[in-house]
Amino acid sequence: MNNPFDLPTNNASSDWLVFVAILLAVGIGIACFVIWLFVIRKSGKKRRKHHKRRHNRQHNPTLAETGGLPPVRDPNQPPRGV
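Only a predicted model underlies this, so the values are computations on that prediction, with no experimental measurement involved.

**Student:** So what about the packing of aromatic side chains? Which residues, and what values?
**Tutor:** The relation between two aromatic rings is expressed through the spacing of the ring centres and the mutual angle of the planes. What the rule picks out here adds up to two aromatic pairs. Measuring from centroid to centroid gives 5.9 Å for F33 and W36, while their planes differ by 35 degrees, and the two rings are tilted. In this pair, F33 and W36 are both assigned in helix 1 (residues 12-45), three residues apart and thus about one turn of the helix distant. Judged by its relative accessible area of 48%, F33 falls in the partly exposed class.

**Student:** Requested: an account of a nonpolar patch on the surface, with residues and values cited.
**Tutor:** Together, V18, I22, V26, I30, F33, V34, I35, W36, F38, V39 and I40 line one region of the surface with nonpolar side chains, adding up to about 1000 Å² of accessible area. By secondary structure assignment, the location of I40 is in helix 1.

Parameters at a glance
- Residues numbered from 1 in each chain as written.
- Predicted model: local features only at pLDDT ≥ 70, side-chain atom pairs only at ≥ 80, totals over all residues.
- Heavy atoms only, no water.
- Phe/Tyr/Trp six-rings, centres within 6.5 Å; stacked < 30°, edge-to-face > 60°.
- Helix = DSSP H or I, 4+ residues; strand = E, 2+ residues; numbered from the N terminus.
- Buried < 20%, exposed > 50% of the residue type's maximum accessible area, 1.4 Å probe, protein only.
- Patch = residues over 30% accessible without salt bridge, like charges linked within 9 Å, V, L, I, M, F, W, Y side chains within 5 Å.
- Areas by Shrake-Rupley, 256 points an atom, 1.4 Å probe, with all protein chains shown as cover.
- Salt bridge = Lys/Arg side-chain N within 4 Å of Asp/Glu carboxyl O.

Such coordinate-based values are descriptive only and should not be taken to indicate function.
In structure tokens, the structure reads:
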């Protein structure tokens, strides 16, 4: 009984032909993946939107920004609000 999946093999060169065909198919697949990885995928990164940071936000100023420490208080005068 003949197997329909058997390839006609008359000599050793047909085995090499099948090996080269499979190797070529795998190589083309890997080459397509590498091209997609380095060329096509990187061009898609250029479409990302970059959000600008706001530098003019109000924040709690430091003593250096406000002019330093307040003047020395008179020890005989009570603090404000008491």
